[in-house]
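If you want the building blocks of each chain, they are given just below.
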Amino acid sequence: MGRVKFEAGMFLRIFMLFRYDCCSCPTYKDRMFLLVIANMVNWFFALYGATTTPGDFATYLLAILIVNGLLYVAFYMIMKLRSGEKILPLPLFLIICSLFCWIFALVFFFSNLTSWQKSPARSRQGNKDCILLGFYDHHDIWHFLSACALFFSFLGLLTLDDDLLRTPRRNIPVF
């Protein structure tokens, strides 16, 4: 009825709820294990941010978003394999391409050439010589590689479930 009744049996019901629902082994152990890992990673980010107070909040937030995106894709792929589905060669190739692009993009990103916290003139002083076609510097290459990495990542996610094209929707496990 949408209201709470305070009675003697309430404490027994609360005890039973905690004993059988909260303290019992989860039904989907593999899913629970992966979610606990993801939670630990996010708690690490929260504690790191609270204790060290990162000077560059934009980079800190970018790291959180990238790691959570990778955790989600890894979770989905692991659950897909655990439920007996296949990963076709095209999505696997695209995901490997995205990982290579992300690795090289992050190498250029962490070279710390420019800073949004400085004025444009001061930030420009950190630039290095152009290395690609005599026109593009490290920061430009970061943008190119991160754009390619995003493209391959989204294309890999788009094609990840292509093995289920002919499977009826009611037969596809949801996780």
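Residues numbered from 1 in each chain as written. Predicted model: local features only at pLDDT ≥ 70, side-chain atom pairs only at ≥ 80, totals over all residues. Heavy atoms only, no water.

Engineer: Just checking my understanding: could you explain the overall build of the chain for this structure?
Structural biologist: Summing up its helical and strand segments, the chain has six helices and zero strands in all. Of the contacts made within the chain by residues no fewer than 6 positions apart, 70% connect residues no fewer than 24 positions apart. As displayed, the chain has an accessible area near 13300 Å², and 69% of this comes from carbon and sulfur atoms. (Helix = DSSP H or I, 4+ residues; strand = E, 2+ residues; numbered from the N terminus. Contact = heavy atoms within 4.5 Å. Areas by Shrake-Rupley, 256 points an atom, 1.4 Å probe, with all protein chains shown as cover.)

Engineer: What am I meant to see in the pattern of salt bridges here?
Structural biologist: Oppositely charged side chains are able to pair whenever their charged atoms sit close together. For the structure on display, the rule yields three salt bridges. The salt bridge partner of glutamate 85 is lysine 80, with a shortest N-O separation of 2.7 Å. Since its relative accessible area comes to 10%, glutamate 85 is described here as buried. Classification of lysine 80 by relative accessible area gives buried; the value is 0%. Each member of the salt-bridge network shares a partner with another, and the members are Lys80, Glu85, Asp161 and Asp163. (Salt bridge = Lys/Arg side-chain N within 4 Å of Asp/Glu carboxyl O. Buried < 20%, exposed > 50% of the residue type's maximum accessible area, 1.4 Å probe, protein only.)

Engineer: How should I be thinking about the packing of aromatic side chains in this particular structure?
Structural biologist: Centre-to-centre distance and the angle between the planes together describe a pair of aromatic rings. If you walk through the whole model with that rule in mind, you get six aromatic pairs. Ring plane angle 40° and centroid distance 6.2 Å describe the contact between tyrosine 48 and tyrosine 60, whose orientation is recorded as tilted. On the criterion of sequence distance, the pair formed by tyrosine 48 in helix 2 (residues 29-52) and tyrosine 60 in helix 3 (residues 57-82) is long-range, its members being twelve residues apart. Judged by centre distance (5.7 Å) and plane angle (55°), the ring pair of phenylalanine 151 and phenylalanine 152 falls under tilted. A connected cluster of aromatic rings, assembled from ring pairs, spans Phe44, Phe45, Tyr48 and Tyr60. (Phe/Tyr/Trp six-rings, centres within 6.5 Å; stacked < 30°, edge-to-face > 60°.)

Engineer: Just checking my understanding: could you explain the confidence of the model for the chain for this structure?
Structural biologist: Caution is warranted with low-pLDDT regions, since their predicted coordinates should not be read in detail. Here the chain shows a mean pLDDT of 80. Residues at 70 or above account for 82%. No element of the chain has a lower mean pLDDT than helix 5 (residues 120-125), at 64, and none a higher one than helix 4 (residues 89-109), at 89. (pLDDT = per-residue confidence, 0-100.)

Engineer: Can you walk me through the nonpolar core in this structure?
Structural biologist: Buried together is how nonpolar side chains tend to be arranged in soluble globular proteins. The biggest cluster of nonpolar side chains holds six residues, and these are Val73, Tyr76, Met77, Ile87, Ile95 and Leu160. At three residues, the largest contribution of residues to this core is made by helix 3. (Core = buried A, V, L, I, M, F, W, Y, C linked by side-chain atoms within 4.5 Å.)

Engineer: Honestly, the UniProt feature "transmembrane region" (unreviewed entry) in the chain in this entry has me stumped. Any pointers?
Structural biologist: Per the UniProt record, "transmembrane region" (unreviewed entry) is found at residues 33-51, 57-78, 90-110 and 141-160. The span residues 33-51 shows a helical share of 100% and a strand share of 0%, and its end C-alpha atoms are spaced 27 Å apart. Helix makes up 95% of residues 90-110 and strand 0%. Its end C-alpha atoms lie 30 Å apart. (UniProt positions renumbered as here; feature names shortened; annotations may be inferred.)

Engineer: Help me out: how do you make sense of the state of the cysteines in this one?
Structural biologist: Throughout this description, disulfide means a covalent bond between two cysteine sulfur atoms. Overall, the coordinates contain zero disulfides when judged by the stated rule. Cysteine cysteine 148 remains unbridged, with the sulfur of cysteine 101 as its closest cysteine sulfur at 5.3 Å. On the basis of relative accessible area, cysteine 148 is assigned to the partly exposed category, the value being 37%. (Disulfide = S-S within 2.5 Å.)

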